[in-house]
Amino acid sequence: MSNPSVKQIFDRIAPVYDQFNDWLSWGQHRIWKQMTVQWSYAKPGAVAIDLCCGSGDLTRTLARQVGKTGTVYGVDFCPNLLAIAKTYYSWTPIHWIEADVLQLPFGDRTFDAATMGYGLRNVRDIPQCLQEIHRILKPGATIAILDFHHPTNPLIQQFQQWYLDGIVVPYAQHQGLTEEYAYIMPSLARFPAGPEQVSLATKAGFDCAVHYPIVGGMMGVLVATKSVNS
């Protein structure tokens, strides 16, 4: 099971989650999510899944990609965020499922494509999570995983530290959510770097894995494809 403290954090921030994402990224998170969907190679008519879907922003982008002939599932372990996700309209019907990414309630080889935004960093067991994703994907299917990263460039590291300490946490404090957003930096310190993520994906069974740094390395997208022979 995933870390319960993380679940409690996201339950508490659910009412302001979308507002925070827009404000703290100057709306750029929508561009990054569109890139993630493109890297998932989801096609019109596909059966696709968005893991750790939160309030469903990335899920709805994925739904637009597969179109009305496709099927999309949005999965999260936070009921408060899922309740918000269900209030938004989508041209493509979305099935919202409350579940843990370490024990997904789907059969083997179910999905043509998958996405995950800002979720892998928060799971308790990353290798198990990647193995579970590998299990539910069809042969030849791809998962694209967007998340924060700790950049290698010292100047960008300084900027990231200043931004989190000087803007994100004070803004969260103003909203009464200091503890909920103060966890970001420690979670970044623990999160595997891009090359290590590629290694973990390969060990989980993925045939091909590539990590793409974006925003100066402060963000990144892991793209992993299951072998057609799996």
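Since we're looking at a predicted model, the values are computed, not measured.

Asker: Just give me the short version of the sheet that holds strand 4 (residues 111-117), but keep the residues and values in it.
Answerer: If you walk across this open sheet you meet the 7 strands as 3-2-1-4-5-7-6, and the pairing is mixed. The two strands at the open ends of the sheet, each matched to only one other strand, are strand 3 (94-98) and strand 6 (208-214). Within the sheet, the average angular offset between the axes of one strand and its neighbour, ignoring direction, is 15 degrees. Set on the sheet, helix 4 (residues 57-66) makes contact with strand 1 (47-51), strand 2 (71-76), strand 3 and strand 4; between it and strand 2 the angle comes to about 165 degrees. Together, strand 6 and strand 7 (219-225) form the strand contacts of helix 10 (residues 194-203), whose direction differs from that of strand 6 by roughly 160 degrees.

Asker: Give a description of the packing of aromatic side chains that names residues and reports values.
Answerer: The description of an aromatic ring pair rests on the distance of the ring centres and on the angle between the ring planes. Per the stated rule, a full pass over the model turns up 9 aromatic pairs. Geometrically, the ring pair formed by Tyr73 and Phe106 is edge-to-face, given 5.5 Å between the ring centres and 75 degrees between the ring planes. Placement of Tyr73 in strand 2 and of Phe106 in the loop between strand 3 and strand 4 is noted, with a sequence separation of 33 residues between them. Under the relative-accessibility criterion, Phe106 is labelled buried at 13%. Geometrically, the ring pair formed by Phe159 and Trp162 is tilted, given 5.7 Å between the ring centres and 40 degrees between the ring planes. Taken together, the residues span about one helical turn, with Phe159 and Trp162 both in helix 7 (residues 154-174) at a distance of 3 residues. Positioned above the aromatic ring of Tyr88, the side-chain terminus of Arg60 is 4.0 Å from the ring centre.

Asker: Provide a residue-level description of the pattern of salt bridges, including the pertinent values.
Answerer: Evaluation of the coordinates by the stated rule reveals 7 salt bridges. Among the ionic pairs, Lys138 bridges to Asp112, the shortest N-O distance being 3.0 Å. Of this pair, Lys138 sits in strand 5 (residues 137-148) while Asp112 sits in strand 4; the two residues are 26 residues apart in sequence, bridging distant segments of the chain. For Lys138, a relative accessible area of 28% translates into the label partly exposed. Accessibility expressed as a relative area gives 29% for Asp112, which makes it partly exposed. One salt-bridge network, in which partners are shared between bridges, spans Arg30, Lys33, Asp57 and Arg60.

Asker: Tell me about unusual backbone geometry, residues and numbers included.
Answerer: A positive phi angle is found at Tyr118, which is not glycine, with a value near 60 degrees. Its location among the elements puts Tyr118 in the loop between strand 4 and helix 6 (126-136). The class for Tyr118 is buried, based on a relative accessible area of 12%. Positive phi outside glycine occurs at Val215, with the angle close to 55 degrees. By secondary structure assignment, the location of Val215 is in the loop between strand 6 and strand 7. Residue classification places Val215 among the partly exposed positions, given a relative accessible area of 34%.

Asker: Outline helix 7, supporting the account with residue identities and numerical values.
Answerer: With 21 residues, helix 7 should reach 30 Å at 1.5 Å per residue; the first-to-last C-alpha distance of 29 Å fits that figure. Of all the bends in helix 7, the greatest, near 30 degrees, is centred on Leu164. All of the buried residues along helix 7 are Gln160, Tyr163, Leu164, Val168, Tyr171 and Ala172.

Procedures and definitions
- Residues numbered from 1 in each chain as written.
- Predicted model: local features only at pLDDT ≥ 70, side-chain atom pairs only at ≥ 80, totals over all residues.
- Heavy atoms only, no water.
- Pairing = 2+ DSSP bridges.
- Helix = DSSP H or I, 4+ residues; strand = E, 2+ residues; numbered from the N terminus.
- Axes fitted to C-alpha atoms, helices over the stretch in contact; angles between N-to-C directions.
- Contact = heavy atoms within 4.5 Å.
- Phe/Tyr/Trp six-rings, centres within 6.5 Å; stacked < 30°, edge-to-face > 60°.
- Buried < 20%, exposed > 50% of the residue type's maximum accessible area, 1.4 Å probe, protein only.
- Lys NZ or Arg CZ within 6 Å of the ring centre and 35° of its normal.
- Salt bridge = Lys/Arg side-chain N within 4 Å of Asp/Glu carboxyl O.
- Expected span 1.5 Å × (residues − 1).
- Bend = angle between axes of the 7 residues up to and from the residue.

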